[in-house]
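Descriptive structure summary
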Amino acid sequence: MSLESVRTFFAENAPDIDVLVTEQSSATVALAAEAHGVEPAQIAKTICLRVGEDIVLIVAAGTARLSNRKFKDRFAAKPRMLDAQEVVAVTSHPVGGVCPFGLPSPLPVYCDVSLRAFEEVVPAAGATNAAVRIAPERMAELVAGEWVDVCE
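Residues numbered from 1 in each chain as written. Predicted model: local features only at pLDDT ≥ 70, side-chain atom pairs only at ≥ 80, totals over all residues. Heavy atoms only, no water.

1. Some points on the pairing of strand E5 (residues 109-112)
The two faces of E5 match: Val109 and Cys111 on one face and Tyr110 and Asp112 on the other face are all buried. Relative to E5, strand E3 (residues 54-61) is paired through 3 bridges, and the arrangement is parallel. Paired with Leu57 across the bridge in E5 is Val109. The pairing of E5 with strand E8 (residues 146-148) spans 3 bridges and is classified as parallel. (Buried < 20%, exposed > 50% of the residue type's maximum accessible area, 1.4 Å probe, protein only. Helix = DSSP H or I, 4+ residues; strand = E, 2+ residues; numbered from the N terminus. Pairing = 2+ DSSP bridges.)

2. Considerations on the packing of aromatic side chains
Inspection of every chain in the model, using the stated rule, returns 5 aromatic pairs. On the numbers, 5.2 Å between centres and 85° between planes, the contact of Phe9 with Phe10 is edge-to-face. Given a relative accessible area of 2%, Phe10 falls into the buried group. An aromatic cluster is built from Phe9, Phe10 and Phe101, whose rings are joined through pairwise contacts. Between Arg74 and the ring centre of Phe75, over which it is positioned, the NZ or CZ distance is 4.7 Å. Sitting over the ring of Trp147, Arg116 keeps its end group 4.0 Å from the ring centre. (Phe/Tyr/Trp six-rings, centres within 6.5 Å; stacked < 30°, edge-to-face > 60°. Lys NZ or Arg CZ within 6 Å of the ring centre and 35° of its normal.)

3. As for the nonpolar core
Counting 48 residues, the largest nonpolar core has Phe10, Val19, Ile58, Phe101, Leu115, Val132 and Met139 as the members making the most contacts within it. Among the secondary structure elements, those contributing two or more residues to this core are helix H1 (2-13), strand E2 (43-51), E3, helix H3 (68-75), helix H4 (84-91), E5 and helix H5 (136-142). Looking at this core element by element, the count peaks at 7 residues for E3. By size, the runner-up hydrophobic cluster in this structure holds 6 residues, among which are Ala33, Ile43, Val122 and Ala131. (Core = buried A, V, L, I, M, F, W, Y, C linked by side-chain atoms within 4.5 Å.)

By themselves, these are just geometric observations and shouldn't be taken as functional.
Have a look at this one:
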């Protein structure tokens, strides 16, 4: 179902973008980079976090690491990772396929500036073997993402 919600999202909002499904898994940054022929940093990983009572998505370059200090400075709270079941419950996407597209209900999306190093990034698309190729600015625009600097 999750892959279908992402396909529907793109059909309605950006029909020029194709959802790419591969035979091999792209569930990790390394596997995704190999499957799509890009460097690991070009994979746009989506992290699902709890900030106080709120749940947010952070989309960052594949090799970027969340900085607790920068995150706390920006959000005035410590980030807490959701477990796999919580991630599926709030995004409908399995871990390894989490993305800011096709969500069952809106979540705040924050795009880390680490993505701006690339003309095109490759975020997952709702399954552990699906992704899209998209310009970071367009991705942020499509998901009403706010740019932040929370990674090292």
